[in-house]
Amino acid sequence: MKFIQLIKERMKADDYELGLQTIITTHSSHIVSECDFDDIRFLKKQGSSSVAKNFNELEKIYGDNEQTFKFVKQYLTLNRSELFFADKAIFIEGDTERLLLPAMMKKVDTNQSTDIPLLSQNISIIEVGNYAHLFGKLISFLGIKALIITDIDSAKMIEKESKKGKKYEVPHRSDPTEGTVTTNSSLITFLGTNDFNKIKSMNSNKKTLRFSQKNSVDRYLINQNGNFRIAYQIEENGNQASSFEDAFIHLNKDFLKANSDRFQQGLKNRKKLEEDLSPYKLAEECIDKKSAFATEILLLSDSNFSEWKTPGYIEEGLRWLQVQ
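Since the structure is predicted, the reported quantities are computational estimates derived from the model, not experimental observations.

## With respect to the overall build of the protein chain
Item 1. In terms of helices and strands, the protein chain carries 12 helices and 13 strands.
Item 2. The buried share among the 324 residues of the protein chain stands at 45%.
Item 3. Contacts in the protein chain between residues far apart in sequence, at least 24 positions, make up 65% of those at least 6 positions apart.
Item 4. Only carbon and sulfur atoms are counted for the fraction: they give 45% of the accessible area of the protein chain, which is about 17700 Å².

Here's what the structure looks like:
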């Protein structure tokens, strides 16, 4: 960081008004974070040759959506410039996935005898909340393989009344058995629908996408050879989850019951685990602090994390990402 700062200071000095240019090649995310975004040139191997990309081109791809481009630019510069050097990326929503993902990757590696282990690959893990859709064009621009892990966020439409007395419908978070729409902006953007039943029944091929821009019309195209995949809750053993927490509870209720007294901050209302409640309801009633819940799962695990199962949608996505 100090190196690039000194160069920039010298270039601005009074005795350097000669129109000089400086070229720095680097694999350092710290140096990149100190550079002006518009000055970055991205080199990527393509077959037997390399291609150079100017980040000014990315602004054109985002087109009229200036606010989104500004957000992505600031986010990369301030937080995640290592993405420029990653071979692959995983976009996640929050703390729970961030804390447990390395363990889930190790479980996939343990059960997979082919391909390079996930934990040995150059993968950048990026926490973006419910805003992964803002990075779709960037993923395609960089040309890296990326997995987006998000929640299906089931909701049902309920009637409300405005101050003027007019009635209208709005989505309200609900049990997946009652869900009619998703409120997840990323799924709506990438899959082109908010229909909960359509989204939950999509096969895996339809979740692999690539971005295309033709005649100023942006679209995400289903493509088995696409460079990014969306992973969200799928039906497992007769249960359709809405979030990571209820997906995990459904698969690992016995593990949670056996260790309930050892959870200090992650669980509350532990006795409800003995009741015949849906995983969705148990997630609402029993999980106290999500980050503590994830941390304590790791604390109660053996070195191979064999006591609990990874939700199917995450395992499916990680296996896709593992392949070169």
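## Focus on helix α11 (residues 290-299)
Item 1. All of the buried residues in α11 are A292, F293, A294, E296 and I297.
Item 2. Those residues of α11 that are buried are in contact with α5 (95-110) and α9 (244-258).

## Here we look at empty space enclosed by the protein
Item 1. Taken as a whole, this structure holds 1 cavity of 30 Å³ or more when the rule is applied.
Item 2. Taken as a whole, the largest cavity holds about 40 Å³ of empty space.
Item 3. With 3 residues, the single largest contributor to the lining of the largest cavity is α9.
Item 4. Broken down by class, the residue content of the lining of the largest cavity amounts to 4 nonpolar, 3 polar and 1 charged.

## A look at a negative patch on the surface
Item 1. There is a patch of like negative charges on the surface, built from D38, D39, E59 and E66.
Item 2. With respect to the helices, strands and loops of the structure, D38 is situated in the loop between α2 (29-33) and β1 (41-46).
Item 3. Judged by relative accessible area, D38 falls into the partly exposed class, the value being 32%.

## Considering the pairing of strand β5 (residues 145-149)
Item 1. Counting buried positions over the 5 residues of β5 gives 5, a clear majority of the element.
Item 2. Across 4 bridges, the pairing between strand β3 (residues 88-92) and β5 is parallel. Its bridge partner being in β5, F91 is matched across the sheet by I148.
Item 3. Across 4 bridges, β5 lies against strand β11 (residues 228-231) in parallel orientation.

## Points about the side chain of S243
Item 1. Along the chain, S243 turns up in the loop between β13 (239-240) and α9.
Item 2. The class of S243 is buried, set by a relative accessible area of 10%.
Item 3. When sequence neighbours within four positions are dropped, the list of residues in contact with S243 reads D151 and Q233.

## Observations regarding the sheet that holds β5
Item 1. Strand order in the open sheet formed by 6 strands is β4-β3-β5-β11-β9-β10, with mixed pairing between adjacent strands. This sheet does not close on itself; its edge strands, each paired only once, are β4 (123-127) and β10 (217-222). In this sheet, adjacent strand axes meet at a mean angle of 25° when their direction is disregarded.
Item 2. Across 6 bridges, the pairing between strand β9 (residues 208-214) and β10 is antiparallel. Bridge assignment links F211 to a residue of β10, and that residue is Y220.

## Topic: the pattern of salt bridges
Item 1. Counted according to the given criterion, the structure contains 8 salt bridges.
Item 2. Measuring nitrogen to oxygen at the nearest pair gives 2.9 Å for the salt bridge that ties R98 to D95. Note that R98 and D95 are positioned in helix α5 at a spacing of 3 residues, about one turn of the helix.
Item 3. By relative accessible area, which is 36% here, R98 ends up partly exposed.
Item 4. Take D95: its relative accessible area is 32%, and that puts it in the partly exposed class.

## Looking at the environment of I148
Item 1. Note that I148 resides in strand β5.
Item 2. The class for I148 is buried, based on a relative accessible area of 0%.
Item 3. Every residue in contact with I148, bar those within four places of it in the chain, is listed here: F91, A132, I139, F190, F228, R229, I230 and A231.

## A closer look at α5
Item 1. Across its 16 residues, α5 extends 24 Å between first and last C-alpha, which sits within 8% of the 22 Å expected from 1.5 Å per residue.
Item 2. Most pronounced at L101, the bend in α5 amounts to some 40°, and the proline P102 follows within four residues.
Item 3. In the core, the buried residues of α5 are packed alongside β3, β4, β5, α9, α11 and α12 (312-322).

## So, the layout of surface pockets
Item 1. One number sums up the size of the second largest pocket: a volume of about 320 Å³.
Item 2. If you go around the second largest pocket, you meet 21 residues; those closest to its centre are D151, R173, S243, E245 and K290.
Item 3. Looking at the lining of the second largest pocket residue by residue, the classes come out as 4 nonpolar, 7 polar and 10 charged.

Reading the values: the criteria
Residues numbered from 1 in each chain as written. Predicted model: local features only at pLDDT ≥ 70, side-chain atom pairs only at ≥ 80, totals over all residues. Heavy atoms only, no water. Helix = DSSP H or I, 4+ residues; strand = E, 2+ residues; numbered from the N terminus. Buried < 20%, exposed > 50% of the residue type's maximum accessible area, 1.4 Å probe, protein only. Contact = heavy atoms within 4.5 Å. Areas by Shrake-Rupley, 256 points an atom, 1.4 Å probe, with all protein chains shown as cover. 1 Å grid on protein atoms, 1.4 Å probe; cavity = no way out; pocket = protein on both sides within 12 Å on 5 of 7 lines; lining within 4 Å. Points joined across faces, edges and corners; volume = space filled by probe spheres on them. Nonpolar A, V, L, I, M, F, W, Y, C, P; charged D, E, K, R; others polar. Patch = residues over 30% accessible without salt bridge, like charges linked within 9 Å, V, L, I, M, F, W, Y side chains within 5 Å. Salt bridge = Lys/Arg side-chain N within 4 Å of Asp/Glu carboxyl O. Lys, Arg positive; Asp, Glu negative; His and termini not counted. Charge placed at Lys NZ, Arg CZ, Asp CG, Glu CD. Pairing = 2+ DSSP bridges. Axes fitted to C-alpha atoms, helices over the stretch in contact; angles between N-to-C directions. Expected span 1.5 Å × (residues − 1). Bend = angle between axes of the 7 residues up to and from the residue.

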